[in-house]
Structure formats: structure tokens, C-alpha cells
Amino acid sequence: MKKIFSSKNLLLLMGLATIIVSIFDRPKAFSVLLSFKTYLLEMLSVLPPILILIGLFQVWVPRKTVVKAMGSSSGLKGILMAIFVGTVAMGPLYAAFPLGVSLLEKGASLFNTAIFLCVWASIKIPMILFEIKFLGADFAGLRLALTLPSIVVISFFLNVILKGRNFYEKT
Amino acid sequence: MALGLSLVKSREKTASSLLSAWKFFRSMALPVLATLWAIGFLLTFLSPALISRAVGQNSGWQGVVIAAFFGSIVLIQAFIAFPLAGSILRQGASVSAIAAFVTTLVMVGVVTAPLEMKFFGKKFTFWRNFLSFIFALIIALIMGAILG
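Residues numbered from 1 in each chain as written. Chains lettered and ligands numbered in written order. Predicted model: local features only at pLDDT ≥ 70, side-chain atom pairs only at ≥ 80, totals over all residues.

Visitor: Before we go on, may I ask you to explain the overall build of chain A in this structure?
Guide: Within chain A one finds eight helices and zero strands. Scanning chain A from its N terminus toward the C terminus, one meets helices and strands in the order α-α-α-α-α-α-α-α. Residues classed as buried in chain A amount to 39% of the 171 residues present. In chain A, 76% of the contacts between residues at least 6 apart in sequence involve partners at least 24 apart. (Helix = DSSP H or I, 4+ residues; strand = E, 2+ residues; numbered from the N terminus. Buried ≥ 20, exposed ≤ 12 C-beta atoms within 10 Å, placed from the backbone. Contact = placed C-beta atoms within 7 Å.)

Visitor: How do you make sense of the packing of helix α8 (residues 137-161) of chain A against helix α8 (residues 122-147) of chain B when you look at a structure like this?
Guide: Packed helices, taken two at a time, are described by the angle their axes make and the gap between the axes. Running from N to C, α8(A) and α8(B) cross one another at 150 degrees; their axes reach a closest spacing of 9 Å. One element, α8(A), and the other, α8(B), form an angle in the roughly antiparallel class. By crossing handedness, the relation of α8(A) to α8(B) is classed as right-handed. Seen from α8(A), the contacting residues are A:Asp138, A:Phe139, A:Leu142, A:Arg143, A:Leu146, A:Thr147, A:Ser150, A:Ile154, A:Phe157, A:Leu158 and A:Ile161; seen from α8(B), they are B:Phe124, B:Trp127, B:Arg128, B:Leu131, B:Ser132, B:Phe135, B:Ile139, B:Ile142, B:Met143, B:Ile146 and B:Leu147. (Axes fitted to C-alpha atoms, helices over the stretch in contact; angles between N-to-C directions. Parallel < 35°, antiparallel > 145°, perpendicular 65-115°, else oblique. Left-handed = near helix turned anticlockwise from the far one by under 90°.)

Visitor: Can you help me understand the environment of A:Ser72 in this one?
Guide: For A:Ser72, the position within the fold is in the loop between α3 (63-70) and α4 (75-88). Given 16 C-beta atoms within a 10 Å radius, A:Ser72 is considered partly exposed.

Visitor: Honestly, the interface of chain A and chain B in this entry has me stumped. Any pointers?
Guide: Accessible area lost during the coming together of the parts is what is often quoted as the interface size. Counting residues at the interface gives 52 residues for chain A, matched by 57 residues for chain B. Here the side of chain A that touches chain B is built from residues that sort into 38 nonpolar, nine polar and five charged. (Nonpolar A, V, L, I, M, F, W, Y, C, P; charged D, E, K, R; others polar.)

Visitor: Looking at this structure, I do not really get the environment of B:Ile139. What am I missing?
Guide: By secondary structure assignment, the location of B:Ile139 is in helix α8. The sequence separation of B:Ile139 and B:Ala99 amounts to 40 residues, and the corresponding C-alpha distance is 7.4 Å. When sequence neighbours within four positions are dropped, the list of residues in contact with B:Ile139 reads A:Arg143, A:Leu146, A:Thr147, A:Ser150, B:Ala99 and B:Thr103.

That is the geometry; function is a separate question.
As C-alpha cells, this is what we get:
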């Protein structure tokens, strides 16, 4: 399983698929590569600041601070902290994965990290403005009001299912 | 800017933070590349027109589920997705279907799942996406009841 789905094989598969598509439908293959390029450029523009941020975070922020702010005994404050950190940052969800991992490494609880990830994915201030513009304030407001508690519940279940295990925490 | 501040405070610590940033980059470069390529495929073969045809006119719970599935699979930027969702809504799709689409779009990521697995493990990835999907449906139904 693990071997088949390794990233190297996945890349090879993509390359192969692209070649096959290009035999049958050349414009389609071009369009695949074009979207690939667009997203790659977007990724490259998003990634460096995030990586630098992670690096700085790892070196400068002491473990104790993170444990206190977002550890398993941080309670409501930890939840609010996770929501806050998730909302202010910009970028696609895949950019949040490494950040989440470094939070775990520093001793944030699984519960709070899950909240952080979900909030990052779904609640962004510019995104909300956009949603209001195109789908209406009722729609956007109600969705936001329903999403936030859902995220807390989802993260709670996640924490229960995984028994709060934190694979990254070094003790 | 933060980097400059860090450099002023301690040259050594800055160097080590850059080093750890580089290590992170190396560990994620390959899976990210594969994921982005997969996204290229999806965007090509699942066009917005196709999506709007599938969930546009039919309402009811089937439309909601279909919309939720579409939202889970495709990966579109919010800045494209919201105008798209708005236009489908005006074409007569149900509020529930649109809510399901938008919510799963941001919360559930089938394409990014391999990447998520690499960072958080299989179990975490599966349950986070699964629970998000269920809750997206619940949110959608409530919204349909209130606004629909």
C-alpha cells in the first residue's frame, strides 16, 4: 500500500497519464499542464513565507508557550487561539499542513490543531467578503454561524477517535 | 520582515530556522508536486460547466449529496468558486445544494488527502474529511430549511 502510493510513483503516474492524454487529446493535455503550472506558481509564491515562518516559529517560540496557549489543558483559550491563528493567516489548505505539524511538535493538543486546520480551510475574512458579495449576507452569515460550532464538534470527535494521540510530540 | 528582526537579534538562530525551513521544503516537495499535477487533471476534466449541469436544476437531497461530492473532489479557489456558486444558485439550484458545495469545497479535500496523510497520518486524514463531509451535509440541510 504505502509503496504503491509513494509520492515518486504518484509523480510517475501523473507523467504517464499526461502522455496518454496527449496522444488522444492534445489540447486537453496542454490544459492539464497549464493548470499545473498555474497552481505551481501559486504554491511557490505562498510557500516561502510560510516555510520561513515555520522555521522562525520552531526556533524562537519556546515549547512552553505553545503548550500553555494551545496544549491539552488550555481549554477555551486554546480553542479561541486556534481559531484566531487559523483566520488571520492566508493561503490554501495544503499550506496549513506543515504549520499544523509544527504546532503539534511544539506541544499543541490534537484537538486545537484540528480546529486550526478546519478554520484555516473554511473561515477567511476576504473569503467571507467574497461570499457575501456573490451569495448574499444571509447565506454567508448563516453558513459561518453553523460552520464554527461544527468545526469544534468535528475536532472533538477527531480527538476522541484518535485518543488525543500526538505522533509528533517529543517527550 | 520577521526574518530581518530575527537576523538582528541572533544570527545563529536565524540560520538554524532557515535550515529547518529548508528541511521542511525538501520533505514536502515531491508530494506537493504530485498533488498540484493531480489538480491540473481535475480542473481540465471537471469543468465548471459540468458541475453546474449536474447540480444546477435538480434540487432535493440528491442534488445536495451530488453537490457535496463535487465540492469534496474539486479544488477551486474561493475566488472562482463563489461567483460560480452564485451563478448556479440563480439558475435555480437549491440553497442546500449550494451550501453543501461551498462547505465541502473548503473543508473536504480528496485531492489533497495524500498530502494530508503524509503530514498527519491516515486515520486523522480519513476522519477529518469524513466528519467534515457529514457536517457539511447537516449545515446544508439546516440552511436549506431556514433560507430555502
